[in-house]
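Understanding the architecture of this molecule
Next come the chains, spelled out residue by residue.
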Amino acid sequence: VQTKPDDVPLREQLLALCLRASDWERAARELQVLARLRPTPQEKAREELRLGLMLRDRRGDRPGAQLALDRARTLDPLNLDVVRELAELLEPAARAQVLAGTASSFRAAVAQNPRSAVLYERLAQVAAWQSDLDARWLALVGLEALGTPTADQRQVLAQGRQQLGRPRPVRLDDAQRAALR
């Protein structure tokens with residue numbers, strides 16, 4: 001490792017050995033190095049996620065885990081695994097702020113790529129974590145238009161439609177009819 005500090009496969013082998021030996025401190029250092037060496041933000045975020053989970057679960061270092069997960073979220077703001085784990089570590093006010101930022105990122109991603117069913121599905125998940133029933137239902141309507149919702153999602157859609165009720169007829173005067181033509 002000293003002669004080839006940027007050798008990713010070698011670092012991965014060393015990490016595996018550290019994990020088998022339960023050497024969490026050395027494993028954390030190796031994950032930090034691997035995160036730095038990875039070429040894409042998504043891969044870097046994956047390593048930061050692994051680091052955050054290890055710090056939380058194996059070392060009991062919640063502040064360190066929060067920092068690693070926050071770095072992961074900065075690298076890949078649309079990674080729901082990162083957002084979920086980070087949100088679980090935060091106090092309610094900070095959790096609400098992270099979820100609002102994530103929802104905003106997904107809405108921006110939907111605006112950039114409105115034909116992506118995956119983005120609507122993930123936006124619906126974030127809205128569910130926020131307990132925002134209206135936003136969840138609207139995201140699921142978008143998902144339904146583009147893809148195939150799961151059974152649970154279809155149930156939420158049906159409940160939302162049931163709450164809407166039947167549309168009421170509206171009487172239009174001559175000026176309103178002319179505006180529609």
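All residue numbers here refer to positions counted from 1 along the written sequence of the relevant chain. Thresholds applied to this predicted model are a pLDDT of at least 70 for local features of residues and 80 or more for the giving and counting of side-chain atom pairs; totals over whole chains, interfaces and linings are not thresholded and use all residues. The side-chain numbers reported here are obtained from all heavy atoms of the structure, hydrogens and water having been left aside.

Description of the overall build of the protein chain
Along its length, the protein chain carries ten helices and zero strands. Helix and strand definitions follow DSSP, with helices as H or I runs of at least four residues and strands as E runs of at least two, each counted in order from the N terminus. Scanning the protein chain from its N terminus toward the C terminus, one meets helices and strands in the order α-α-α-α-α-α-α-α-α-α. Across its three principal axes, the protein chain shows a C-alpha extent of roughly 85 × 30 × 30 Å. Each residue is assigned to one of three classes by its accessible area relative to the maximum for its type, calculated with a 1.4 Å probe on protein chains only: buried under 20%, partly exposed between the two thresholds, exposed over 50%. With 181 residues in all, the protein chain has 35% of them scored as buried. Residue pairs in contact within the protein chain that sit at least 24 positions apart in sequence constitute 40% of those at least 6 positions apart. In the structure as shown, the protein chain presents an accessible area of about 11,700 Å², 50% of it carried by carbon and sulfur atoms. By the counting rule applied here, Lys and Arg register as positive and Asp and Glu as negative, while His and the ends of each chain are not counted. Charge coordinates come from a single atom per side chain, which is NZ of Lys, CZ of Arg, CG of Asp or CD of Glu. Each charge class in the protein chain can be summarised by its mean position, and for the 29 positive and 24 negative side chains these summaries are 4 Å apart. Should any heavy atoms of two residues lie within 4.5 Å, those residues are counted as being in contact. For the accessible areas, the method is Shrake-Rupley and the probe is 1.4 Å, while residue cover comes only from the protein chains on display.

Considerations on the pattern of salt bridges
The salt bridge criterion pairs a side-chain nitrogen of Lys or Arg with a carboxyl oxygen of Asp or Glu, the two atoms within 4 Å. Taken as a whole, this structure holds 15 salt bridges when the rule is applied. Each of Glu12, Arg38, Arg46, Glu47 and Arg50 takes part in salt bridges that share partners, so that together they form one network.

Quick word on the layout of surface pockets
Grid points spaced at 1 Å over the protein atoms alone were grouped into cavities, where a 1.4 Å probe fits but cannot get out, and pockets, open sets with protein on both sides within 12 Å along at least five of seven lines, with lining residues defined by an atom within 4 Å of a point. Grid points are joined across faces, edges and corners, and a volume is the space filled by probe spheres set on the points. Size it by volume and the largest pocket reaches roughly 250 Å³. Around the largest pocket, the lining residues are Leu133, Asp134, Arg136, Trp137, Val156, Gln159, Gly160, Gln163 and Leu164. Sorting the residues of the lining of the largest pocket by element identifies α8 (133-146) and α9 (151-164) as the ones contributing at least two each. When residues in the lining of the largest pocket are grouped by element, the largest group, five residues, is from α9. The residue classification treats Ala, Val, Leu, Ile, Met, Phe, Trp, Tyr, Cys and Pro as nonpolar and Asp, Glu, Lys and Arg as charged. All others, Gly included, are polar. Looking at the lining of the largest pocket, its residues break down into four nonpolar, three polar and two charged.

Some thoughts on the environment of leucine 133
By the element assignment, leucine 133 lies in helix α8. For leucine 133, a relative accessible area of 64% corresponds to the exposed category. Separated by 67 residues in sequence, leucine 133 and glutamine 66 have C-alpha atoms that sit 28 Å apart.

Comments concerning the packing of helix α5 (residues 80-89) against helix α7 (residues 117-129)
Axis definition: a line fitted to C-alpha atoms, over the contacting stretch in the case of helices. Angles run 0 to 180 degrees between N-to-C directions. Contact pair α5 / α7: the axes reach a minimum separation of 11 Å and the direction vectors enclose 5°. Relative to α7, the element α5 is oriented roughly parallel. Within the contact between the two elements, α5 uses Leu80, Val83 and Arg84 and α7 uses Arg122, Gln125, Val126 and Trp129. Residues belonging to the contact of α5 with α7 are distributed by class as follows: four nonpolar, one polar and two charged. To sort the angles, those under 35 degrees are grouped as roughly parallel, those over 145 as roughly antiparallel, those from 65 to 115 as roughly perpendicular, and the leftovers as oblique.

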